[in-house]
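# Coordinate inspection notes
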Protein chains: 2
Amino acid sequence: MNIIGSRLVVVAWLVCCSITWADDPLPSWNAGPAKSAIVDFVGRITTEGSPQYVVPAKRIAVFDNDGTLWPENPVPFQLAFVLDELKRLASEHPEWKTNSHIQAALAGDVAKLKEEGSEALVQLLAGTHAGITTEQFNANVRQWMKTARHPRFHRPYNRLAYQPMLELLAYLRTNGFKTFIVSGGGADFMRAWAEETYGIPPEQVIGSIGDVRFEIRDGRPVLMRRPEIDFVDDKAGKPVGIHRFIGRRPIAAFGNSDGDLQMLQWTTIGQTPSFGLLVHHTDAEREWAYDKAPSSSGKLVDALAEAPERGWIVVDMKKDWKMLFSSY
Amino acid sequence: MNIIGSRLVVVAWLVCCSITWADDPLPSWNAGPAKSAIVDFVGRITTEGSPQYVVPAKRIAVFDNDGTLWPENPVPFQLAFVLDELKRLASEHPEWKTNSHIQAALAGDVAKLKEEGSEALVQLLAGTHAGITTEQFNANVRQWMKTARHPRFHRPYNRLAYQPMLELLAYLRTNGFKTFIVSGGGADFMRAWAEETYGIPPEQVIGSIGDVRFEIRDGRPVLMRRPEIDFVDDKAGKPVGIHRFIGRRPIAAFGNSDGDLQMLQWTTIGQTPSFGLLVHHTDAEREWAYDKAPSSSGKLVDALAEAPERGWIVVDMKKDWKMLFSSY
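This report concerns the structure included in the present document. Once a new chain begins, its residue numbering starts again from 1 and follows that chain's sequence as written. Written order decides the labels, with chains lettered from A and ligands numbered from 1. Note on the predicted model: pLDDT of at least 70 is required for a residue's local features to be given, and 80 or more for side-chain atom pairs to be given and counted; whole-chain, interface and lining totals, by contrast, use all residues. Hydrogen atoms and water are omitted, and side-chain values are computed over all heavy atoms in the structure.

### Focus: the overall build of chain A
Stated precisely, the cut-off is as follows: Secondary structure elements are taken from DSSP: a helix is a run of H or I of four residues or more, a strand is a run of E of two residues or more, and numbering for both begins at the N terminus. The buried label goes to any residue with under 20% of its type's maximum accessible area, the exposed label to any with over 50%, and the partly exposed label to all in between, with areas taken from a 1.4 Å probe on protein chains only. Contacts are residue-level and defined by heavy atoms, with any inter-residue pair within 4.5 Å sufficient. When charges are counted, neither His nor the chain ends are considered; positive counts come from Lys and Arg and negative counts from Asp and Glu. Every charge is mapped to an atom, namely NZ of Lys, CZ of Arg, CG of Asp or CD of Glu.
In terms of regular secondary structure, chain A is built from 14 helices and 8 strands. For chain A, the spread of C-alpha atoms along the principal axes amounts to about 75 × 55 × 45 Å. Looking at the 328 residues of chain A, the share that counts as buried comes to 55%. A fraction of 65% describes how many contacts in chain A between residues 6 or more apart in sequence connect residues 24 or more apart. Across chain A, the 36 positively charged side chains and the 39 negatively charged ones have centroids separated by 4 Å.

### With respect to helix H11 (residues 237-245) of chain A
Residue and element names in this part refer to chain A. With 9 of 9 residues buried, H11 is to be regarded as a mostly interior element. For H11, the set of buried residues is Gly237, Lys238, Pro239, Val240, Gly241, Ile242, His243, Arg244 and Phe245. Once H11 finishes, Gly247 follows within two positions and takes phi at roughly 80°, a positive value.

### Examining the interface of chain A and chain B
Threshold: Summed over both partners, the accessible area (1.4 Å probe) lost when two parts come together is defined as the buried area. For salt bridges, the criterion is a side-chain nitrogen of Lys or Arg within 4 Å of an Asp or Glu carboxyl oxygen.
Counting residues at the interface gives 37 residues for chain A and 37 residues for chain B. Buried area between chain A and chain B, both sides added, is near 3200 Å², and the carbon and sulfur share of it is 58%. On the chain A side of the contact with chain B, Glu203, Phe214 and Arg244 of chain A bury the most area, a combined 21% of that side's loss. On inspection of chain A and its partner chain B, the count reaches 8 salt bridges.

### Focus on empty space enclosed by the protein
To be explicit about the condition: Buried and open spaces are told apart on a 1 Å grid over the protein atoms alone, a cavity being a set of points where a 1.4 Å probe fits but cannot get out and a pocket being an open set with protein on both sides within 12 Å along at least five of seven lines. Residues with an atom within 4 Å of a point are the lining residues. Grid points are joined across faces, edges and corners, and a volume is the space filled by probe spheres set on the points.
One pass over the full model with this rule turns up 4 cavities of 30 Å³ or more. Its volume calculated, the largest cavity comes out at about 60 Å³. His243 and Arg244 of chain A together with Ala187, Asp188, Arg191, Ser208, Ile209, Gly210 and Val212 of chain B are the residues that line the largest cavity. For the lining of the largest cavity, the secondary-structure elements that each account for two or more residues are H11 of chain A together with helix H9 (187-191) and strand S3 (205-217) of chain B. For the lining of the largest cavity, the element with the most residues is S3 of chain B, which contributes 4 residues.

### Looking at the relation of the copies chain A and chain B
Quick note on the threshold: A least-squares fit on C-alpha atoms brings the copies together, and the residues used are those whose pLDDT is at least 70 in both copies.
Of the transformation superimposing chain A on chain B, the axial component is 0.0 Å and the angular component is 180°, with the fit at an RMSD of 0.0 Å. Such a combination of turn and shift is consistent with a two-fold rotation axis. For chain A, the smallest separation between a C-alpha atom and the rotation axis is recorded for Phe245 of chain A, amounting to 3.3 Å. Both copies present the same face, since 100% of the interface residues in chain A are matched by interface residues at the equivalent positions in chain B.

### A word on helix H7 (residues 134-147) of chain A
Residue and element names in this part refer to chain A. Applied cut-off: By definition here, a helix of n residues has an expected span of 1.5 Å times n minus one. This arc is taken over the directions from the axis of the helix to the C-beta atoms.
When the terminal C-alpha atoms of H7 are compared, their 20 Å separation across 14 residues agrees well with the 20 Å that a helix rising 1.5 Å per residue should span. Along H7, the positions that sit buried rather than exposed are Thr134, Phe137, Asn140, Val141, Trp144 and Met145. For H7, the angular spread of the buried residues around the axis is 130°, confining them to a single face. Facing away from the buried side of H7 by more than 90 degrees, the exposed set consists of Glu135 and Lys146.

### Notes on the packing of aromatic side chains
Residues and elements named next belong to chain B. Which entries qualify depends on this criterion: Centres within 6.5 Å make a pair out of two Phe, Tyr or Trp rings, where for Trp the six-membered ring is used; the pair is then stacked when the planes are under 30 degrees apart, edge-to-face when over 60, and tilted otherwise.
Taken as a whole, this structure holds 41 aromatic pairs over all chains when the rule is applied. Judged by centre distance (5.2 Å) and plane angle (55°), the rings of Tyr162 and Trp321 are tilted. One end of the pair, Tyr162, is in the loop between helix H7 (134-147) and helix H8 (163-174); the other, Trp321, is in the segment after helix H14 (317-320), and 159 residues separate them in sequence. Judged by its relative accessible area of 0%, Tyr162 falls in the buried class.

### Here we look at the nonpolar core
Defined as follows: Within this scheme, the nonpolar core is defined by two criteria: the residues are buried Ala, Val, Leu, Ile, Met, Phe, Trp, Tyr or Cys, and they are joined through side-chain atoms within 4.5 Å.
Of all hydrophobic cores here, the largest spans 68 residues; its most connected members are Met165, Leu168, Trp193, Tyr198 and Phe254 of chain A. Considering every element that reaches this core, the biggest residue donor is helix H3 (residues 77-89) of chain A, with 8 residues. Filtering out sequence-adjacent residues up to four positions away, Tyr198 of chain A remains in contact with Asn65, Leu69, Trp70, Ala161, Leu166, Leu169, Arg173, Ile181 and Trp193 of chain A. If you look at the next biggest cluster of nonpolar residues, it comprises 67 residues, including Ala37, Trp144, Tyr162 and Leu277 of chain B.

### Observations concerning the side chain of Gln271 of chain B
Residue and element names in this part refer to chain B. Inclusion rule: Think of a polar contact as two N or O atoms within 3.5 Å of one another; within protein, one of them needs to be a possible hydrogen donor and the other a possible acceptor, and neighboring residues in sequence only count if both atoms come from side chains.
Checked against the element boundaries, Gln271 lands in the loop between helix H12 (261-268) and strand S6 (275-282). Among the polar contacts listed, one links the side chain of Gln271 to the backbone oxygen of Thr267, at a separation of 2.7 Å. Excluding residues within four positions of it along the chain, Gln271 makes contact with Arg249, Pro250 and Ile251.

### Here we look at the environment of Arg152 of chain A
All names here are of chain A. Looking at the element boundaries, Arg152 is found in the loop between H7 and helix H8 (163-174). C-alpha of Arg152 to C-alpha of Arg217: the two residues are 65 residues apart in sequence and 43 Å apart in space. Not counting chain neighbours up to four residues away, the residues in contact with Arg152 comprise Ala284, Glu285, Arg286, Glu287 and Trp288. Here Glu287 takes part through its backbone oxygen, which lies 2.6 Å from a polar atom of the side chain of Arg152.

### Considerations on the environment of Lys318 of chain B
Residue and element names in this part refer to chain B. Structurally, the position occupied by Lys318 is in helix H14. Taking C-alpha positions, Lys318 is 8.7 Å from Glu285, a pair spaced 33 residues apart along the chain. The residues contacting Lys318, other than those within four sequence positions of it, are Thr282, Asp283 and Arg286.

### Considerations on the side chain of His101 of chain B
Residues and elements named next belong to chain B. For His101, the location among the structural elements is in helix H4 (residues 100-106). Classification of His101 by relative accessible area gives buried; the value is 10%. Excluding residues within four positions of it along the chain, His101 makes contact with Leu113, Glu116, Glu119, Ala120, Gln123 and Leu124.

### Digging into the pairing of strand S3 (residues 205-217) of chain A
As a general feature of sheets, a regular strand has side chains that alternate between the two faces. Residues and elements named next belong to chain A. Definition in use: DSSP-based pairing: two strands are paired if at least 2 bridges between them are found.
Bridge analysis of strand S2 (residues 178-186) against S3 gives 3 bridges, and the strand direction is parallel. When the bridges of S3 are listed, Ile181 appears paired with Val205. Pairing analysis gives 8 bridges linking S3 to strand S4 (residues 220-231), with the strands arranged antiparallel. Looking at the pairing, Phe214 lines up with Leu223 of S4.

### A short note on unusual backbone geometry
Residue and element names in this part refer to chain B. In the segment running from Asn73 into Pro74, the intervening peptide bond is cis, with an omega of 0°. When you line up the elements, Pro74 lands in the loop between strand S1 (60-63) and helix H3 (77-89). The step from Thr272 to Pro273 runs through a cis peptide bond, and the omega angle for that step is -5°. Positionally, Pro273 belongs in the loop between H12 and S6.

Pasting the structure below:
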C-alpha cells in the first residue's frame, strides 16, 4: 500500500471507530440481552408519540450503591471507613480499651462483629459517626477517601465505581433521567463523594439516616450528629425512602441483592413502562462471584428467583461487562 | 396624526413595553429595597469572575409555604382540607359521633381544636390522612384542590399563590437555582399540587412526614399511610429537614414566621454570599395584617427582631407588592 493508501486506511479507521464510539453509549457493555434491554427501554420511553413515551419529569431512576455501583468486598466500604476511623481515633479514646466491640473492630475481627450483631454496629457508629458536626463528618469521609486504598485493588475506594454503571448513569441522564442513589448505606457517608464519583448531587442521595440536632455554638449554627439512627433505607424501607424523598414512583430501578427486592417490586409491578435490573456478581477472577451471602456481601436469592416472572434483567458481570473499572 | 404616525406609536409602544417587561423579571414587585436586594444578590452570585460567584450546583433556595408562597388565613389551607374531608367522610364513620375532637372539627370550631392541642390534631389527621394508600391520599388532595374554594377570595386554594413569589421562583430558576419548599405542612399534601402551582417537583418538596408501610395487596405493591408522624419540619426541624433531604446548606431562604427562624439562621450565619428574606403580612386590605399570632397565623416576632442584625430583607407586602394574586 502506498502512502496515500495507508493514510486512507487510517482516516477510514478513525471515522469508523469514532462513529462506533459515538453510536454506542455503553462501550463497556458487551452486546447481549442486558445491553439490548437497556437501550430498547430508553428508546421506547424517549420516543415522542410512542405509546410508552414518558415525559422527562417522570424519568426517575434509582440505584442501589454497594454491589451495584461499586463492590462490597472484602467488607462493605463504609465498614472499611469505620475500621480505619477507629484506628485513627483510638489514641484519643482510652475508654475504648474496655469496649469489646471496638476492640474486635480494631483487631479487624469482622466475623466477631457479625456475631455481635446490631449492638456492636451501634457502638462502632457512635464512635465514628456521632458527637461531631455534619461538616466535620463530611471532612473526615473526604479525607479517608483521599488516603485509604482498597486492599485488593490498591486504589481509592471511589475509583472502584463500575465503569459500565458509570456509562449507564450518564446514558440515562443524557436521555433526561434524574438519577438517584437509594442505598442502605449512610446518606451522609455517600454524599461526601457521590457527586464527584457518580455525578449524583447530595439532594439525590437517599440512604440510612442518623439523627442530627440544630444548635448555635459560639454564635454559629451547626448540626450535631447523634448516635440514634432515624431511618434504615433497606428492604421494605427502600420504597418508603423513595416515597419520602422523591414522592413518586421511579420508572427504573437497579440493584444487586435481596435488599433491593421491594424497590424493584415498587418500581415495576403494575407499572408500564418500567425497568428492573439486577447486577449478578459472577466474576470470580476480576472481582468476586457470589449470590448466596458469603461473609460480607449482599445475598441475591429471592430477587433472583423473582426476576423471570417480573421481567427483571439480570446482568451477568462476567459475560456482560467488558471491563469492571476504568484503567485511569 | 396620520395612519403611519399612529402605527409608529403602536410599534414604539409595543417595543418599549415588551422591553420593559423583558428587563424586569419581577414585574409585580414595586421598586424598593426588597426588590433591589433580590436583584443585586442574584447578580452577584451569577457573575462569573465575581468574588461572590456561586457555581450552579450550589444555588439552592428554600421556601417556606404557608404565609410565604400562599396565605394561611382564615385557617392554614391544609386544615381547611382536613375540615372538608371530615365532612365528606363523616357518613362512613358512625364512630366519629362520639369523638369530641372530630365533632368540634365538623362544627368548624377551630378555637376549641386549638385548645385541645396536639391530641385533637392527631385524631383529625388519623381520620383524613391515614388508613389509605399514598395514591388514594394524593387523589383526595387533588380532588379537593379542584372543588374547594377559599371563603374570602372564592378561588381554588392553589390559585392564591402569591404572584410576586411565583415571579421570584421563576427568576431564581432562570438564574440556575434549584428551588425547594421547606414547610411544616405535610409533604404529601403539598406534593399533590406543588408542581402545577409553583413548578416545584415532588422531590423538591420537604415537609412534615407521616409513617408509611410497604405492602403487597392483591399482588400489587402499595404504601399504606399510618397515623404516626415521623418528622415535624418546623422551627429547629427545618435545618434538620434541609440536611436530610438536600444534604447541603442553601444559599437563600425565604420565610414569614418564627417557624422559619432557624432555617434563615442555618442559611445565612457565617456563610457569604447568602440571602435571607421574611415576608411581613402588612396588608389588611388586600389580605391580612399580622405578625403577633392572631388565632391561626404564623407568629413573626423573634425572626423580625433578628432581621436587622442578620441583614435579612423584610418584605412589606403592602408597599412592596403591586398585586398579591394573578387576576387570571
